[in-house]
Amino acid sequence: MQILQKKQLDFTPIFLIGNVIVLSLLLIVSLVNSFSINSIVKAKPPTLVELSDGGSIRAIATDSNSRTPQAINDFVGKTMVEIFSWNAVGVDNLNPTNKPQLDPGVETGEDKITTRSWAAGFALSEDFRGPFLKELATITPDSVFTGTTQSILIINHLSTPTKINEGSWTVKMVANLIIFQDGEQLGKAIAFNKTIFVRAVDSPQIPKNSSPLQQAPYSARKAGLEIYKIQDIDLGL
(Lines give C-alpha, C1' and ligand atoms only; values in the text may rest on other atoms or scores of the structure.)
Protein backbone atom coordinates (compact mmCIF):
# COMPACT_ATOMS: atom_id res chain seq x y z
CA MET A 1 0.00 0.00 0.00
CA GLN A 2 1.27 3.37 -0.89
CA ILE A 3 0.77 5.94 1.81
CA LEU A 4 1.27 8.82 -0.66
CA GLN A 5 -0.19 8.55 -4.12
CA LYS A 6 1.71 10.25 -6.89
CA LYS A 7 -0.48 12.92 -8.46
CA GLN A 8 -0.07 13.46 -12.19
CA LEU A 9 0.75 17.12 -12.95
CA ASP A 10 -1.62 18.95 -15.33
CA PHE A 11 0.24 21.55 -17.48
CA THR A 12 -2.85 22.71 -19.40
CA PRO A 13 -3.54 25.85 -17.27
CA ILE A 14 0.09 26.94 -17.49
CA PHE A 15 0.06 26.47 -21.26
CA LEU A 16 -3.11 28.55 -21.62
CA ILE A 17 -1.75 31.35 -19.43
CA GLY A 18 1.45 31.43 -21.48
CA ASN A 19 -0.51 31.77 -24.70
CA VAL A 20 -2.53 34.63 -23.28
CA ILE A 21 0.63 36.46 -22.21
CA VAL A 22 2.25 35.99 -25.65
CA LEU A 23 -0.86 37.14 -27.48
CA SER A 24 -1.13 40.19 -25.21
CA LEU A 25 2.50 41.15 -25.89
CA LEU A 26 1.98 40.79 -29.62
CA LEU A 27 -1.11 42.98 -29.46
CA ILE A 28 0.75 45.68 -27.49
CA VAL A 29 3.65 45.67 -29.97
CA SER A 30 1.23 45.92 -32.89
CA LEU A 31 -0.56 48.89 -31.31
CA VAL A 32 2.72 50.68 -30.55
CA ASN A 33 3.94 50.20 -34.14
CA SER A 34 0.62 51.38 -35.55
CA PHE A 35 0.69 54.49 -33.35
CA SER A 36 4.28 55.28 -34.38
CA ILE A 37 3.47 54.96 -38.08
CA ASN A 38 0.37 57.15 -37.74
CA SER A 39 2.38 59.74 -35.84
CA ILE A 40 4.99 59.85 -38.59
CA VAL A 41 2.33 60.19 -41.28
CA LYS A 42 0.45 62.91 -39.42
CA ALA A 43 3.66 64.81 -38.70
CA LYS A 44 4.13 65.43 -42.43
CA PRO A 45 7.89 66.03 -42.32
CA PRO A 46 9.37 68.83 -44.46
CA THR A 47 9.72 68.03 -48.16
CA LEU A 48 12.43 69.42 -50.41
CA VAL A 49 10.71 71.45 -53.14
CA GLU A 50 12.53 72.69 -56.22
CA LEU A 51 11.62 76.21 -57.33
CA SER A 52 11.23 77.36 -60.93
CA ASP A 53 14.44 79.40 -60.68
CA GLY A 54 16.45 76.30 -59.82
CA GLY A 55 16.60 76.90 -56.07
CA SER A 56 15.02 74.68 -53.44
CA ILE A 57 13.25 75.14 -50.11
CA ARG A 58 11.90 72.96 -47.31
CA ALA A 59 8.11 72.86 -47.34
CA ILE A 60 5.47 71.23 -45.14
CA ALA A 61 2.21 70.05 -46.71
CA THR A 62 -0.83 72.00 -45.47
CA ASP A 63 -4.41 72.50 -46.51
CA SER A 64 -4.69 74.24 -49.88
CA ASN A 65 -6.58 77.16 -48.30
CA SER A 66 -4.22 77.61 -45.34
CA ARG A 67 -1.77 80.52 -45.20
CA THR A 68 0.29 81.74 -42.26
CA PRO A 69 -0.30 85.28 -40.93
CA GLN A 70 3.28 86.16 -41.86
CA ALA A 71 2.82 84.97 -45.45
CA ILE A 72 -0.41 86.98 -45.79
CA ASN A 73 1.12 90.18 -44.41
CA ASP A 74 4.28 89.81 -46.50
CA PHE A 75 2.13 89.44 -49.62
CA VAL A 76 -0.10 92.41 -48.76
CA GLY A 77 2.81 94.67 -47.83
CA LYS A 78 4.88 93.88 -50.92
CA THR A 79 1.92 94.20 -53.30
CA MET A 80 0.74 97.55 -51.94
CA VAL A 81 4.25 99.02 -51.97
CA GLU A 82 4.79 97.86 -55.56
CA ILE A 83 1.46 99.33 -56.73
CA PHE A 84 1.73 102.72 -55.04
CA SER A 85 5.45 103.47 -55.22
CA TRP A 86 5.87 105.38 -58.48
CA ASN A 87 9.34 106.01 -59.81
CA ALA A 88 9.67 106.28 -63.56
CA VAL A 89 13.41 106.99 -63.47
CA GLY A 90 15.64 103.94 -63.26
CA VAL A 91 16.34 100.60 -64.86
CA ASP A 92 13.18 98.92 -66.09
CA ASN A 93 13.11 95.48 -64.45
CA LEU A 94 10.97 94.09 -67.26
CA ASN A 95 13.22 95.36 -70.03
CA PRO A 96 16.63 95.92 -68.41
CA THR A 97 19.37 97.88 -70.14
CA ASN A 98 22.76 99.17 -69.06
CA LYS A 99 21.55 102.68 -68.33
CA PRO A 100 18.62 104.31 -66.50
CA GLN A 101 15.62 105.28 -68.58
CA LEU A 102 12.16 106.76 -68.20
CA ASP A 103 9.27 104.36 -67.78
CA PRO A 104 6.85 104.85 -70.71
CA GLY A 105 4.05 103.45 -68.57
CA VAL A 106 1.18 101.14 -69.49
CA GLU A 107 -2.05 102.55 -70.91
CA THR A 108 -5.14 101.75 -68.86
CA GLY A 109 -8.21 103.37 -70.35
CA GLU A 110 -7.51 107.01 -71.22
CA ASP A 111 -4.64 107.28 -68.74
CA LYS A 112 -1.67 105.14 -67.81
CA ILE A 113 0.09 103.61 -64.84
CA THR A 114 3.72 102.77 -64.20
CA THR A 115 5.06 99.45 -65.44
CA ARG A 116 5.82 98.54 -61.83
CA SER A 117 2.19 99.09 -60.82
CA TRP A 118 1.00 97.14 -63.86
CA ALA A 119 3.16 94.12 -62.95
CA ALA A 120 2.07 94.18 -59.29
CA GLY A 121 -1.54 94.48 -60.42
CA PHE A 122 -1.59 90.80 -61.34
CA ALA A 123 -1.78 90.11 -57.60
CA LEU A 124 -5.37 91.41 -57.76
CA SER A 125 -8.32 89.18 -58.62
CA GLU A 126 -9.43 89.23 -62.25
CA ASP A 127 -12.76 90.98 -61.58
CA PHE A 128 -11.14 93.61 -59.33
CA ARG A 129 -7.95 94.27 -61.28
CA GLY A 130 -9.39 96.07 -64.32
CA PRO A 131 -11.54 98.67 -62.49
CA PHE A 132 -8.86 99.23 -59.85
CA LEU A 133 -6.05 99.88 -62.33
CA LYS A 134 -8.24 102.28 -64.32
CA GLU A 135 -8.93 104.24 -61.14
CA LEU A 136 -5.22 104.09 -60.25
CA ALA A 137 -4.39 105.59 -63.64
CA THR A 138 -6.63 108.60 -62.95
CA ILE A 139 -4.66 109.49 -59.81
CA THR A 140 -1.20 108.80 -61.26
CA PRO A 141 0.25 112.23 -62.23
CA ASP A 142 1.49 112.60 -65.81
CA SER A 143 4.63 114.15 -64.33
CA VAL A 144 5.58 110.70 -63.01
CA PHE A 145 6.46 109.71 -66.57
CA THR A 146 8.72 112.74 -67.05
CA GLY A 147 10.61 111.96 -63.88
CA THR A 148 9.56 115.09 -61.98
CA THR A 149 7.15 113.33 -59.60
CA GLN A 150 7.80 110.25 -57.50
CA SER A 151 6.02 108.50 -54.67
CA ILE A 152 6.67 105.87 -52.06
CA LEU A 153 4.26 104.03 -49.81
CA ILE A 154 5.44 103.84 -46.19
CA ILE A 155 3.56 101.15 -44.25
CA ASN A 156 3.42 101.89 -40.54
CA HIS A 157 1.31 98.92 -39.47
CA LEU A 158 -0.30 95.77 -40.81
CA SER A 159 -2.79 94.08 -38.50
CA THR A 160 -2.86 90.37 -37.80
CA PRO A 161 -5.03 88.85 -40.55
CA THR A 162 -8.64 88.31 -39.52
CA LYS A 163 -10.25 85.20 -40.97
CA ILE A 164 -13.55 85.85 -42.79
CA ASN A 165 -14.16 82.27 -43.85
CA GLU A 166 -12.11 79.34 -45.09
CA GLY A 167 -9.33 80.68 -47.30
CA SER A 168 -10.06 84.43 -46.98
CA TRP A 169 -8.90 87.15 -44.61
CA THR A 170 -8.85 90.91 -44.04
CA VAL A 171 -5.77 92.95 -43.14
CA LYS A 172 -5.88 96.55 -41.91
CA MET A 173 -3.07 98.71 -43.21
CA VAL A 174 -1.99 102.04 -41.74
CA ALA A 175 0.34 103.84 -44.15
CA ASN A 176 1.40 107.14 -45.68
CA LEU A 177 1.78 107.85 -49.39
CA ILE A 178 4.69 110.28 -49.75
CA ILE A 179 4.65 112.41 -52.94
CA PHE A 180 7.84 114.11 -54.13
CA GLN A 181 7.51 116.78 -56.81
CA ASP A 182 10.07 118.88 -58.67
CA GLY A 183 13.01 117.54 -56.72
CA GLU A 184 11.72 118.50 -53.27
CA GLN A 185 13.31 116.53 -50.44
CA LEU A 186 10.59 116.53 -47.76
CA GLY A 187 7.65 115.36 -49.82
CA LYS A 188 3.95 115.58 -49.04
CA ALA A 189 2.46 112.84 -46.85
CA ILE A 190 -1.06 111.60 -47.53
CA ALA A 191 -2.75 109.25 -45.03
CA PHE A 192 -3.39 105.93 -46.71
CA ASN A 193 -5.33 103.65 -44.39
CA LYS A 194 -7.06 100.66 -45.98
CA THR A 195 -8.70 97.34 -45.29
CA ILE A 196 -7.28 94.73 -47.66
CA PHE A 197 -9.38 91.66 -48.51
CA VAL A 198 -7.25 88.63 -49.37
CA ARG A 199 -7.99 85.04 -50.37
CA ALA A 200 -6.04 81.90 -51.16
CA VAL A 201 -5.57 80.82 -54.78
CA ASP A 202 -3.49 78.26 -56.61
CA SER A 203 0.11 79.33 -57.10
CA PRO A 204 0.97 79.22 -60.83
CA GLN A 205 4.25 77.82 -62.09
CA ILE A 206 6.43 80.17 -64.12
CA PRO A 207 6.97 78.75 -67.63
CA LYS A 208 10.53 77.91 -68.54
CA ASN A 209 12.38 80.23 -70.91
CA SER A 210 9.78 82.98 -70.40
CA SER A 211 10.74 86.65 -70.70
CA PRO A 212 10.62 89.06 -67.73
CA LEU A 213 7.47 90.54 -69.24
CA GLN A 214 5.80 87.11 -69.39
CA GLN A 215 6.91 86.29 -65.85
CA ALA A 216 5.18 89.31 -64.29
CA PRO A 217 1.73 87.68 -63.76
CA TYR A 218 3.28 84.53 -62.30
CA SER A 219 5.65 86.40 -59.98
CA ALA A 220 2.82 88.51 -58.58
CA ARG A 221 0.81 85.40 -57.69
CA LYS A 222 3.55 83.02 -56.54
CA ALA A 223 2.49 83.46 -52.89
CA GLY A 224 -0.78 81.68 -53.69
CA LEU A 225 -2.84 84.72 -52.66
CA GLU A 226 -4.81 87.48 -54.35
CA ILE A 227 -6.40 90.77 -53.26
CA TYR A 228 -10.04 91.03 -54.25
CA LYS A 229 -11.13 94.22 -52.49
CA ILE A 230 -9.62 97.38 -50.97
CA GLN A 231 -11.61 99.88 -48.95
CA ASP A 232 -10.97 102.81 -46.61
CA ILE A 233 -10.85 102.19 -42.88
CA ASP A 234 -11.58 104.28 -39.83
CA LEU A 235 -8.64 104.24 -37.42
CA GLY A 236 -11.12 104.35 -34.58
CA LEU A 237 -12.35 100.84 -35.45
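The structure contained in this document is the topic of the report that follows.

What counts and how
Residues numbered from 1 in each chain as written. Predicted model: local features only at pLDDT ≥ 70, side-chain atom pairs only at ≥ 80, totals over all residues. Heavy atoms only, no water. Helix = DSSP H or I, 4+ residues; strand = E, 2+ residues; numbered from the N terminus. Contact = heavy atoms within 4.5 Å. Areas by Shrake-Rupley, 256 points an atom, 1.4 Å probe, with all protein chains shown as cover. Phe/Tyr/Trp six-rings, centres within 6.5 Å; stacked < 30°, edge-to-face > 60°. Buried < 20%, exposed > 50% of the residue type's maximum accessible area, 1.4 Å probe, protein only. Expected span 1.5 Å × (residues − 1). Core = buried A, V, L, I, M, F, W, Y, C linked by side-chain atoms within 4.5 Å. Pairing = 2+ DSSP bridges. Salt bridge = Lys/Arg side-chain N within 4 Å of Asp/Glu carboxyl O. Polar contact = N/O pair within 3.5 Å; in protein donor to acceptor, adjacent residues only side chain to side chain.

Another aspect to go through is the overall build of the protein chain. If you tally the helices and strands in the protein chain, you get 5 helices and 11 strands. Long-range pairs, those at least 24 residues apart, make up 63% of the contacts in the protein chain with a sequence separation of at least 6. Surface exposure of the protein chain reaches about 16,100 Å², of which carbon and sulfur atoms provide 58%.

As a further point, take the packing of aromatic side chains. Within this structure, the stated rule accounts for 5 aromatic pairs. Look at Phe84 and Phe132: their rings are 6.1 Å apart centre to centre, the planes differ by 85 degrees, and that puts the pair in the edge-to-face class. In this pair, Phe84 sits in helix H2 (residues 69-84) while Phe132 sits in helix H4 (residues 126-139), placing the two residues 48 residues apart along the sequence. We classify Phe84 as buried; its relative accessible area is 4%. Look at Phe128 and Phe132: their rings are 5.3 Å apart centre to centre, the planes differ by 40 degrees, and that puts the pair in the tilted class. Placement of the pair is Phe128 and Phe132 together in helix H4, with a separation of 4 residues, close to one helical turn. Grouping residues by exposure puts Phe128 and Phe132 together as buried. The structure contains a cluster of three or more aromatic residues connected by ring pairs, namely Phe84, Phe128, Phe132 and Phe192.

Looking at the secondary structure, you find Tyr228 in strand E11 (residues 225-232). With 104 residues separating them in the primary sequence, Tyr228 and Leu124 have C-alpha atoms 5.9 Å apart. The residues touching Tyr228, leaving out its near neighbours within four places in the chain, are Ser125, Phe128, Ile164, Ser168, Phe197, Val198 and Arg199.

Between its first and last C-alpha atoms H2 spans 23 Å; for 16 residues at 1.5 Å apiece the expected length is 22 Å, and the two agree. Those residues of H2 that sit buried are Ile72, Asn73, Phe75, Val76, Gly77, Thr79, Met80, Ile83 and Phe84.

Residues Met80, Phe84, Phe132 and Ile227 are the most contacted members of the largest nonpolar core, which totals 38 residues. Put simply, the parts of the chain that give this core at least two residues each are H2, helix H3 (115-120), H4, strand E9 (168-181), strand E10 (188-200), helix H5 (212-220) and E11. If we ignore the near neighbours within four places in the chain, the residues touching Phe84 are Phe132, Leu136, Ser151, Ile152, Leu153, Leu177 and Phe192.

Relative to E9, strand E8 (residues 162-165) runs antiparallel, the two sharing 3 bridges. Across the sheet, the residue bridging to Lys163 is Trp169, located in E9. Here E8 folds back onto E9 in antiparallel fashion, the turn holding 2 residues, of which Gly167 has a positive phi close to 85 degrees.

Inspection of every chain in the model, using the stated rule, returns 5 salt bridges. Members of the salt-bridge network, linked through shared partners, are Arg199, Arg221 and Glu226.

Now for the side chain of Glu226. Relative to the helices and strands, Glu226 resides in strand E11. Separated by 2.7 Å, the side chains of Glu226 and Arg199 make a polar contact.

Right, let's get into the environment of Val144. Looking at the secondary structure, you find Val144 in the loop between H4 and strand E7 (149-158). Of the residues examined, Val144 reaches a relative accessible area of 0% and is grouped as buried. Counting along the chain gives 57 residues from Val144 to Asn87, while the straight-line C-alpha distance between them is 6.8 Å. Beyond its immediate stretch of four places on either side in the chain, Val144 contacts Trp86, Ala88, Thr114 and Thr149.

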